[in-house]
Structures are given as C-alpha cells and as structure tokens.
Amino acid sequence: MSGYYGTLVRVNLTTGKISTETIDRAVAGKFIGGRGLGTYYLKKEIDPKVDPLSPDNKLIFATGPLTGSTMPAASRYMAITKSPLTGTVASSNAGGYWGPELRFAGVDLLILEGKAPKPAYLLIHDGKVTIHDASAYWGKLVGETTDGLLAECREPKARVLCIGPAGEHLSPIAAILNDKYRAAGRSGVGAVMGSKNLKAVVVRGTGKVAAAQPDKAEALRKDLLALIKANGVTGQGLPTYGTAVLVNIINESGIYPTRNFQTGVFETANQASGEALKEKYLTGKDVCFRCPIACGRYCKADDVEGGGPEYETLWAFSADCGVSDLGVVIKANKWCNEYGLDTISAGATIACAMEMVQRGILKPGEVDGPPLQFGSGAAIVEWTRKMGAGEGLGAKMALGSYRFAELYGVPELSMSVKKQELPAYDPRGLQGHGLQYATSNRGGCHVRGYMISAEVLGIPEKLDPHSIEGKAKWAKLFQDLTAVIDSLGLCLFTSFAVKPDHYRDMYNVVTGRSVTTDELLAAGERIWNMERLFNLAAGISPDQDTLPKRLLKEPLLEGGAKGKVHRLSELLPEYYRERGWTPAGVPTEEKLAQLAVK
Amino acid sequence: MQVEVRLFAALREGRFGTQRLELAVPCPVRDLLQLLSICEGEVFLCLVNGQHSKLDRKLADGDVVSLFPAVGGG
Ligand code: SF4
C-alpha cells in the first residue's frame, strides 16, 4: 500500500509469539503515524501506572508514513514507551538508516512485549521476524555488537539498532543506538529495552516506500530540495558547521548554561565551538538517510573517532562541566555512543556531581575516580565510562542527576524537569523556550517545541526572548507542529526551511489522503493532549510543570540576560488557557471532545 | 570611541574573529558593516552586548557587537 501505514508486527518476548496485524486506517489517519500512532497504542495497551522496567511495559518502534519515502530528511523512527527516568510517556527519535530500513522490510510499527528469558536479538528480514540468542553480545559495546551482528546475520546491508551496557544495567539515562552513532537518546528508552533482555534489532528490507501520487511527489521533492538549499540555515549553516555552530550564538546571548547553570556565559566557549570543531577535529560527515541538510558530523581526536558531537552533546560535556578541550568532549561522546548513554543526561549529571563537590556535599573520599572538578577533561571522559559500565560511584550517577542528587538530599541541584536533564539553553533568557521546558510531555527537552527558532534565530519570525507576551500561544503552536513532524517521520531540522503547508503536501502526496493544514495541526494537538492524558493517568501531576528553583529565583549575574529569571508563574495560566485546559492543567471535556481523543 | 567586533562562522573566513575598532563618532551597526566590507545580506543575526539588535542601532563606547551568518541547530 503506497506510503500508507498498514503493518504492525507484535513480538511477545516472553512467549516468543510473533504476529502481524493490520493498522486501522481511521486510527492511522487520526494519529498520523510515528510518535502519534505509537503513543496511541501505548496508551491503549498498557496501564499508565505500570513499572517502566517490568515486563508489562511495552516498547514500540514507530516509523511515520513518510519515513523511508523520497521526501527530504525522512529518516526517523520513534522509540515509544513509559519512561523509567520521568515516569511520563517517552518518545525518543533517531535518524540514520534503521527507521527507513524497517519500512523497506514491510514493518510500519513494531510492538515489543514481555521479557525474553535470556538475552535475545530480533532479526527482521523482509517482514519475516525471528528471535535469536544474544548471550554472546550481552555486555558488549555498541560498535562491537553492531559489527558482530552484521557478520553473524550475513547481512552486510542490514541495519542494527542496539543497546550498550548502560541499557543492560537499566540506567534510566540509557539510550538506544542505531547505525552506531544515531541515538534515540532521551528518557531512558535503552533501559526499557534492557529490561526486556533485548540487545538488538537487526533489519534488512528490500522493498520501497512508494508514494500514492508519484508524479506529484517527485515535483514536490524537487521544490523542497530547492527550498532547503536556498535557505541559509539548512543550505549553508548546518551543512558547513553542523549544529555546534550554535555554541557562539547562544553564548554571546548569555544563555549558554555553564557549570550546571551557575552562569550563562562560558568564557572559553570560542575554543569549544562549532567553528573550532570544524577547524581541528572534523574529518567527515555522518549523514542520515536521503538528507539534503547533512548536519551530522564525524570527528577524530587522537585515536578516538566517530559520529558527532552535536551541539547539545558538546555543551553538556563542555560548558556545563566547564571544559574547553574539544578533544575530551569527542572522547566522552564516544563513550556515550559505545555504552549507550544519553549525552545530555550524562554530561549534565557529571555537571551536577561537580557542583555537589564544589559545595562540599559530595566528599572527595567518595569519589572513586578523577576528582569531579569543573574544568577537568579527565573527569568527563572517565566518569562517562564509569557511568556506562556501572562502576563504583558511576553506578549511582547513572541514575541521572535528579536521583543522584536526591541520594545526597539536594535534588534542587539537578537541573531537570520531571527528572530529565535540561538541554543547552538557559530559560532565564528565553521565556518561551522555558515555558516549553516546563510543559514538555517528556520532561526537560528542547525538541518538543523548539522555541529557540523564534526567540533566537528569528524563524518563522523574530520574537523578543525576554518578553512573555504571546509566548503561550507560540509554545502551543510549536508543540503541536512538532508533534506532526515527529509523527510524519521527518527530521525536525526541516522546519527551519519547510512550512506547515509543505508538511501537509508531503503527507498528502505520499499517503494519497487530502487533509488540510489545519487538520494536520489539529492532529498534532490531539497527540499532545493524548500524551498529557497518559501522563496524568501515570500520576504525573500538573505541579510538575515547573523549572528548577535556580532558574525561577536566582537571576543571571552577567551577559545578555543579566538580572533575568524565568517568569513561569505568569506564563503557565495563559498556557493552560491556550490549550483549553482547566486552570489546574487538565484537558477539559470540551477540548477532548473537540479533538476526539480519550 | 572603541567597540569590539566579534565575527562567527562563515563571516570569519578571510576576516577575523575578534577585533577592537576605533570609531570617530557614534554610528549605527550598519555603518560598521560598511567599514568591514560585510554585506547586510550576509548578516543573519546581530547582537549588541548580548541583546538582539537591528542594524540601525547606534553604537556607544565599549559596545560589543557579535555578528552571525545564517546558522541554526538544536
Ligand atoms: S538534518 Fe541532520 S539530523 Fe536531520 S536528518 Fe539530516 S543529517 Fe540527520
């Protein structure tokens, strides 16, 4: 069936039962695919109160209707589950080649249930799914696992998705990696995979994702490629410098979180910037499936090389830990990819531990490795490894910054929302983006509504980052549109150049449907509300829509946002109103009826 | 009066990273661009002392001007 969702494969890892189902067309239409459709199944099939690491939780890999199609940057799959980090719905996406390959193999959605009796991996070959023993790979790093499985399966063209030791140890900040360097990083999806004794999913597909309207699709593809090429951000900035080019912009704006958000200006940012990365360490590119933007980097420092580091990763190990040596950042990033750790959470947890040492809360005698001092390159590399391996104090740090700081009675030193570490933008100088952090359905996250686009980069229009006016409305729009993009199976970076009407056109030519832009955005809103309902039912109360106290109470002391705090209490009521929720932050019956979601 | 100019990404190429410039009179950022032979079209973002500013903003002694070409990320 052209570009349209049809096939759901369900694997019960406890019993080994494998079945294929047809996805209801009306449901697929309502929830688009990817993040939307995957969350629909999660909400329908699990008790929201389930222990995320128990066999009763499910892990869903969902492609979108555009994943693997000829549309630009259609590389995404989503890993959807209940998060062991936040207790909310988790939906972490990654590019690379695995998602498209899954569709070429004829699988649109993969639902994994139960727990394998011993370490296992799945092999999916053109719709045929088999379960195999993965004991030989348990404990192995991501690179070795990937190479080993490709050799064992005698499928050099297959794509491997797997976890590293961090996922096996059930670290709530463990990631799932595919194609070695692409991570469904956030919210501990890797730990859920580990809890199911599932090491890897190897996929080989020889099919195609054909568009329902091939001629129109080809014309649209050409138009969009031209648009992306002509756009300064997607045509020049990202291809030349990658995402790390943001370092200097954010730092010059005084909102580059430094030393665990103690200031917004990192004095040596320039030495550890995208420009410096390009000059000294860049050896190639790591580009996702059919992507004309090609932001992915490939870097080398001494004898360590690999994909990345991206902006957020670079920040987490550099400014957040006070380190200006990019060589060690590349090494820490490599450990994250090999052990399967989320780079943002790993770096931010080390930063939090460093502040705990700075304040005398964590005693040097407890630190069974390099001193956890801001600025120490040796510390970020070795502590990342220790967290990945679950060694000594590293095993406690692998719980993530919130749980780690809580063990010492100082959870307020964790710069997180709903226990998930915040990314690389200080909300004290970004009122809209901060609101977005507080209300994100998966906790601290920048890609549930990337307001940096408007508040810093001026896309689609320039908003004053310090003003709260209109920000609630903008946050809602960004969140709903992002839910659409995530559900289509496209990379979010397309949105620097591509407009909502283009997303509608892509969806229509590939699926053969004829929806309007408003209908598509309403689907985004539906998905957002469905996620909210899941979180409420999971016991995540609206009073968790907040930010760390530091960001609400302690003004920045220098830089462009000097004197500012985040004004969440003024923004939140307006946001709930914009959403059509009660003043307490609960979707109203009217809103749910309007969106036809329960 | 003196201002500090910081150039980033592609704007740096063939130019400089950071330079202090002596200006005879307070002038808008736009005039500074002319002085440095930078086309307005090349500038995607302009910050003065960390604040987003338009090119007609008048510079004062000690101001720090940061100029960026089209870049993005996330
Ligand atoms: S823009 Fe970057 S992350 Fe997105 S699909 Fe392209 S290479 Fe991958």
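Structure: above.
A. Main features of the overall build of chain A. Scanning chain A from N- to C-terminus turns up 24 helices and 17 strands. The C-alpha radius of gyration of chain A comes to 22 Å, within 12% of the 25 Å expected for a compact globule of 598 residues. For chain A, the spread of C-alpha atoms along the three principal axes comes to 60 × 55 × 45 Å. Carbon and sulfur atoms provide 52% of the accessible area of chain A, an area that totals close to 19000 Å².

B. Geometry of the pairing of strand β6 (residues 109-113) of chain A. All names here are of chain A. The buried fraction of β6 is high, at 5 of 5 residues. Residues L109, I111 and E113 point to one face of β6 and L110 and L112 to the other, with burial holding for every one of them. Here strand β1 (residues 7-12) runs beside β6; their pairing, made up of 5 bridges, is parallel. Bridging across to β6, N12 finds its partner in E113. Relative to β6, strand β3 (residues 59-63) is paired through 4 bridges, and the arrangement is antiparallel. The residue bridging A62 from the neighbouring strand is L109, located in β6.

C. Molecular detail of the sheet that holds strand β8 (residues 128-133) of chain A. Residue and element names in this part refer to chain A. Strand order in the open sheet formed by 6 strands is β8-β7-β12-β9-β10-β11, with mixed pairing between adjacent strands. Of all the strands in the sheet, the pair left with one neighbour each is β8 and β11 (182-184). Between one strand and the next, the sheet's axes are offset by a mean angle of 20°, whatever the strand orientation. With 6 bridges connecting them, strand β7 (residues 120-125) and strand β12 (residues 198-204) associate as parallel partners. Bridged to I124 within β12 is V203.

D. Structural context of the sheet that holds strand β14 (residues 297-301) of chain A. Residues and elements named next belong to chain A. Within the open sheet, the 3 strands sit side by side as β13-β14-β15. Their pairing is antiparallel. Sheet topology places β13 (282-285) and β15 (304-307) at the edges, where each strand pairs with a single neighbour. The sheet shows a mean angle of 20° between the axes of neighbouring strands, direction not considered. Pairing between β14 and β15: 4 bridges, direction antiparallel. Among the inter-strand pairings, C299 is bridged to a residue of β15, identified as G306.

E. Up close: the nonpolar core. Residue and element names in this part refer to chain A. Counting 160 residues, the largest nonpolar core has Y256, I350, L372 and I380 as its most contacted members. Beyond its immediate sequence surroundings of up to four residues, I350 is in contact with F317, C321, L372, I380, W383, T384, M387 and M397. If you look at the next biggest cluster of nonpolar residues, it comprises 30 residues, including V11, I124, V129 and L198.

F. Highlighting helix α14 (residues 377-389) of chain A. All names here are of chain A. Helix length check: α14, at 13 residues, gives a terminal C-alpha distance of 19 Å against a target of 18 Å (1.5 Å per residue), a fit within 8%. By the criterion of burial, α14 is predominantly enclosed, with 10 of the 13 residues buried. Among the residues of α14, G377, A379, I380, V381, W383, T384, R385, K386, M387 and G388 are the ones counted as buried. Those residues of α14 that are buried lie in contact with α5 (165-168), α11 (311-317), α12 (326-339), α13 (343-358) and α15 (393-397). Where α14 begins, the side chain of S376 points an oxygen toward the backbone nitrogen of A379, at a separation of 3.0 Å. Trailing α14 by a residue or two, G390 shows a phi angle of about 70°, which is positive.

G. The arrangement of the pattern of salt bridges in detail. All names here are of chain A. In the structure shown here, the tally under the stated rule is 44 salt bridges over all chains. With its nearest N and O atoms 3.5 Å apart, the salt bridge here joins D286 to R182. In this pair, D286 is assigned in the loop between β13 and β14 and R182 in strand β11, connecting sequence segments 104 residues apart. Exposure class is identical for D286 and R182. Each is buried. In this structure, R550 engages E554 in a salt bridge whose closest nitrogen and oxygen atoms are separated by 3.6 Å. Looking at R550, the relative accessible area reads 7%, which means it is buried.

The rules behind these values
- Throughout this description, residue numbers start from 1 for each chain and increase along the sequence as written.
- Just so you know, chain letters begin at A and ligand numbers begin at 1, following the order they were written in.
- This being a predicted model, a pLDDT of at least 70 is required before a residue's local features are given, and a value of 80 or more before pairs of side-chain atoms are given or counted; all residues contribute to the totals for chains, interfaces and linings.
- The basis for the side-chain values is all heavy atoms of the structure; hydrogens and waters are excluded.
- Comment: elements are numbered from the N terminus, with helices defined as DSSP H or I runs of at least four residues and strands as E runs of at least two.
- Only C-alpha atoms enter the radius of gyration; for comparison, a globular chain is expected to reach 2.2 Å times N to the power 0.38, where N is the number of residues.
- In short, Shrake-Rupley with a 1.4 Å probe defines the accessible areas, and a residue's cover is counted only from the protein chains shown.
- Each residue is placed in one exposure class: buried if its accessible area under a 1.4 Å probe, protein chains only, is under 20% of its type's maximum, exposed if it is over 50%, and partly exposed if it falls in between.
- Think of it this way: DSSP has to see at least two bridges between two strands before they count as a pair.
- Here, axes are lines fitted to C-alpha atoms. For helices the fit covers the stretch in contact, and angles between N-to-C directions go from 0 to 180 degrees.
- We call a set of buried residues a nonpolar core when its members are Ala, Val, Leu, Ile, Met, Phe, Trp, Tyr or Cys and they connect through side-chain atoms within 4.5 Å of each other.
- Whether two residues are in contact is decided by their heavy atoms: any pair within 4.5 Å suffices.
- A helix is expected to span 1.5 Å multiplied by its residue count minus one.
- The definition of a polar contact used here is a pair of N or O atoms within 3.5 Å, where within protein one atom must be able to donate a hydrogen and the other to accept one, and adjacent residues in sequence count solely through side-chain atom pairs.
- Think of a salt bridge as a Lys or Arg side-chain nitrogen and an Asp or Glu carboxyl oxygen that are within 4 Å of each other.

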